[in-house]
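If you want the building blocks of each chain, they are given just below.
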Amino acid sequence: MMLVGVFERAALILMVLFLLTRTSHFQSLFRKQNHHPFESGVIALLFTLFAVFSTYTGIHVDGSLINVRIIAIMSGGILFGPVVGIPAGVISGLHRYLIDINGPTSLPCLITSILAGLSSAVIHMRVKKQQYWIWGICAGVVCELLTMTLILVFVEDRHQGVLIVKAIAMPMIIGEVSIGLMIQLVQSLDNENDRVAATQAKLALDIANKTLPYFRESSRESMRKVCAIIRNDIEADAVAITDTKNVMAFVGEYEHEYWKNYQGMSRYTRAALVKDEILIHNEADFDGFHSLLIIPLHESGSMTGALKIYYKRRYKITNALREMAIGLSHVISTQMEVAKVEKLKQAATKAEFSALQNKINPHFLFNTLNAISSLIRMRPDEARELIARLADFLRYNLTHNEALIPIDEELAQVRDYIAIEKARYGNKLNVIFEVEPLDIKIPSLMIQPLVENAIGHGIQPKKGPGEVVIKVIYKDNPPQAEISVRDSGVGIDPALIEQLHEGTIGSKHIGLSNVDQRVRMLYGEQLKVRRLEPGTEVKFSIPLSPKRS
């Protein structure tokens, strides 16, 4: 029964401590690492009161008291350090001594109370937090054993001392298990908050990963998919995203009725956007919804809209949900900003790429007209045929503005060009196509400038006939289409290869440098150029998905 009495009194302190830890003020006090002197004083006073209270509620046994004073002192000191443990030990020990100065156990209780405060401070400073509870129990047991020993030493009536120790030793020593329970209770606050924070952070990141592709599209339909993902993952009844003037997407309960009766943003949303503040309403009456959370979204420091979360039940917006939603809003804001930057970057790249491609056309046209002019007097029929081919070539380029075209169409352009060049060079020029059937797309005028370069700088300066080989082949590890143009001409100057890689090649080789720049922009690699004996080889690769067997 005495052991039960010890646990009852320890349970009373545990209950009070538990209730205190449910309040936000004491939660912040218990979780903080460094306390203000006033806060330390409040905590020290709390555990001192626990220790003094345990004396008043103790069970009287032969002039002694079965109590939980050591439990209160050790728990406070281990959790919060010397500023709590030592005052609690000294004050409660003096109190125990003064209320029963002549009692047989007053002096032993004074001594062990002070020692309990000192030992708890040492444990706080020297032991890892994860081991507080086990060290606390052990130290509490040692203190109670010391109390029993001092009772036997200081009590004048040896028989009375033995009776007291027999009566109180077991319940007092076993009761020290409560030290571990009190320490675990307070430490569980940190663990609980860490678990909640980790869970909410993981949820926000999971949502961010799922929604990222849709932010890149930045359309109403993509925003609707974002809302659907958020709603599903946080189990909301509805979710909406707005800009500063209108609702962009709404997904969830009453969706049809919402759009049917939509007349602009609600007063709640306008209030949140005007004040640029988070709005929480757990007793709203808004078209069947009673819990509402509205969080403004920002890009580059400016407010651009809001994330809205709805529940049909009241009081569904908890602190945990609020913190998660705030974190999610930051992620969404960042994703929207990144998506906008990516779009601007893509637009700039596209403009730069288009400028490079357009630069080729005048160069090609100039050389082709020169070739035709040389045939007009001597072979007018061939000149007319070449003009027709040139017209087809230019018509195709004017009517096809896609960034990428099928490689077969690009090769058709190359064949038109070669037909023109064959008219100029006759039997001096032989062109071979070694093309595997591949379903790929490449930018227009990607191969033709390389062929033109091979003919103009390789075959033309050479004495005698020359050969140009155009290859398109599939290669594994990694899967890619390799496109190469090889000639048997005079061979490229190694200095030009170096200039090409450094980006300093002259305008005389505009076709080669232009294709090199576009290959870098599209595929992140340089043109591979090497001198052969005889001739030159230029090639580049296009990454592909693996072939299916």
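The numbers attached to residues start from 1 for each chain and follow its sequence in the written order. Given that the model is predicted, a residue must reach a pLDDT of at least 70 before its local features are reported, and side-chain atom pairs must reach 80 or more before they are shown or counted; all residues, however, enter totals for whole chains, interfaces and linings. Note that water and hydrogens are dropped before the side-chain values are worked out from all heavy atoms of the structure.

1. Some details on empty space enclosed by the protein
Rules: Of the grid points, spaced at 1 Å and generated over the protein atoms alone, those admitting a 1.4 Å probe that cannot get out make up cavities, while open sets with protein on both sides within 12 Å along at least five of seven lines make up pockets; any residue with an atom within 4 Å of a point is treated as lining. Grid points are joined across faces, edges and corners, and a volume is the space filled by probe spheres set on the points. Secondary structure elements are taken from DSSP: a helix is a run of H or I of four residues or more, a strand is a run of E of two residues or more, and numbering for both begins at the N terminus. Under the grouping applied here, Gly and all other residues not named as nonpolar or charged are polar, the nonpolar ones being Ala, Val, Leu, Ile, Met, Phe, Trp, Tyr, Cys and Pro and the charged ones Asp, Glu, Lys and Arg.
Scanning the model with the defined rule gives one cavity of 30 Å³ or more in all. Its volume calculated, the largest cavity comes out at about 40 Å³. Within the residue set of the lining of the largest cavity, elements represented by two or more residues are α4 (69–80), α6 (106–126) and α7 (132–154). Along the lines of polarity and charge, the residues of the lining of the largest cavity split into three nonpolar, three polar and two charged.

2. A short note on the nonpolar core
Counted only if it meets this: By nonpolar core is meant a set of buried Ala, Val, Leu, Ile, Met, Phe, Trp, Tyr and Cys residues that side-chain atoms within 4.5 Å join together. Under the scheme applied here, a residue whose accessible area is under 20% of the maximum for its type counts as buried, over 50% as exposed, and between as partly exposed, the area being computed with a 1.4 Å probe on protein chains only. The contact criterion used is simple: two residues touch if any of their non-hydrogen atoms lie within 4.5 Å.
Counting 47 residues, the largest nonpolar core has F47, M74 and I168 as its most contacted members. At eight residues, the largest contribution of residues to this core is made by α4. Leaving out residues up to four positions away in the same chain, I168 has contacts with V61, S64, I66, M148 and I151. If you look at the next biggest cluster of nonpolar residues, it comprises 39 residues, including L411, L429, I440 and L500.

3. Focus on the side chain of S54
We count it as follows: Polar contact criterion, stated in full: a pair of N or O atoms within 3.5 Å, where within protein one must be able to donate a hydrogen and the other to accept it, and residues adjacent in sequence count only if both atoms are side-chain atoms.
Residue placement: S54 occurs in helix α3 (residues 37–56). A distance of 2.5 Å separates a polar atom in the side chain of S54 from the backbone oxygen of A51. Of note is the side chain of S54, whose polar atom sits 3.1 Å from the backbone nitrogen of R69. Leave out the neighbours within four places in its chain, and S54 touches N67, V68 and R69.

4. A closer look at helix α15 (residues 407–425)
Threshold: Residue count minus one, scaled by 1.5 Å, sets the expected span of a helix.
For α15, with 19 residues, the first-to-last C-alpha span of 26 Å sits near the 27 Å given by 1.5 Å per residue. Restricting attention to buried positions, one finds in α15 the residues I407, E410, L411, Q413, V414, D416, Y417, I418, I420, E421, A423 and Y425. Of the residues trailing α15, G426 is marked for its positive phi of about 60°.

5. Here we look at the pairing of strand β3 (residues 238–242)
This is how the line gets drawn: Here, a strand pair is defined by DSSP locating no fewer than two bridges between the strands.
Burial analysis of β3 places five of its five residues in the buried class, which makes it a mostly covered element. Where β3 lies against strand β4 (residues 247–252), five bridges are found, and the strand directions are antiparallel. Note that in β4 the partner of A240 across the bridge is F250. Between β3 and β4, which pair antiparallel one after the other, the connecting turn spans four residues. Across five bridges, the pairing between β3 and strand β7 (residues 302–311) is antiparallel. The partner of A240 across the bridge, within β7, is K308.

6. Details of helix α5 (residues 82–98)
Short version of the rule: The arc in question is the one spanned by the directions pointing from the helix axis to the C-beta atoms.
Helix length check: α5, at 17 residues, gives a terminal C-alpha distance of 23 Å against a target of 24 Å (1.5 Å per residue), a fit within 8%. V84, G85, A88, G89, S92, G93, H95 and R96 are the residues of α5 that are buried. End-on, the buried residues of α5 take up no more than an arc of 160°, which puts them together on one face. Elements in contact with the buried residues of α5: α3, β2 (64–66), α4 and α6.

7. Some points on the sheet that holds strand β13 (residues 528–531)
Put simply, the test is: Axes, fitted as lines to C-alpha atoms, cover a helix only where it is in contact. Angles between the N-to-C directions of the axes lie from 0 to 180 degrees.
Taken in spatial order, the five strands line up as β9-β11-β12-β14-β13 in an open sheet, and their pairing is mixed. Of all the strands in the sheet, just β9 (429–435) and β13 have a single pairing partner and so form its edges. For this sheet the average axis-to-axis angle between neighbouring strands, irrespective of direction, equals 15°. Pairing geometry for strand β12 (residues 480–487) and strand β14 (residues 536–543), over eight bridges, is antiparallel. Note that in β14 the partner of Q480 across the bridge is P543. α15 rests against β9, β11 (466–475) and β12 of the sheet, and its axis sits at about 165° to β9.

8. Brief notes about the sheet that holds strand β6 (residues 291–299)
One open sheet holds the five strands; their spatial order is β4-β3-β7-β6-β5, and the pairing between them is antiparallel. Only two strands of the sheet have a single partner each, and these edge strands are β4 and β5 (279–281). Strand-to-strand, the axes of this sheet are offset by a mean angle of 10°, without reference to chain direction. As judged from the nine bridges shared by β6 and β7, these two strands associate in the antiparallel manner.

9. What to know about the pattern of salt bridges
Rules: Just to be clear on terms, a salt bridge is a Lys or Arg side-chain nitrogen sitting within 4 Å of an Asp or Glu carboxyl oxygen.
This model, assessed by the stated rule, comprises 14 salt bridges. Residue E253 pairs with K312 through a salt bridge whose shortest N-O separation is 3.9 Å. Of this pair, E253 sits in the loop between β4 and α11 (255–260) while K312 sits in the loop between β7 and α13 (319–376), and the two are 59 residues apart along the sequence. Given a relative accessible area of 29%, E253 falls into the partly exposed group. Here E537 and R530 are joined by a salt bridge, their closest N and O atoms 2.7 Å apart. Through salt bridges with shared partners, one network takes in R231, E253 and K312.

10. Some details on the environment of V519
By secondary structure assignment, the location of V519 is in helix α18 (residues 510–523). You can call V519 buried: its relative accessible area is 1%. Apart from the residues lying within four places of it in its own chain, the contact partners of V519 are M446, G524, E525, Q526, L527 and F540.

11. A closer look at the packing of aromatic side chains
Test applied: Paired rings are identified among Phe, Tyr and Trp, the last through its six-membered ring, by centres lying within 6.5 Å, and are further divided according to the angle between planes into stacked (under 30 degrees), edge-to-face (over 60) and tilted (the rest). The criterion for a charge sitting over a ring is simple: Lys NZ or Arg CZ within 6 Å of the ring centre, and within 35 degrees of the ring normal.
Throughout the structure, instances matching the rule amount to 10 aromatic pairs. For the ring pair Y254 and F289, a centre distance of 5.3 Å and an interplane angle of 70° mean the geometry is edge-to-face. Here Y254, found in the loop between β4 and α11, pairs with F289, found in the loop between β5 and β6; they are 35 residues apart in sequence, far enough to count as distant. Here the aromatic residues F250, Y254, Y258, W259, Y262, F289 and Y310 are joined through ring pairs into a cluster of three or more. Over the aromatic face of Y268 sits the side chain of R267, whose NZ or CZ is 4.5 Å from the ring centroid. Looking at R415, its charged tip hangs above the ring of F433, at a distance of 4.2 Å from the centre.

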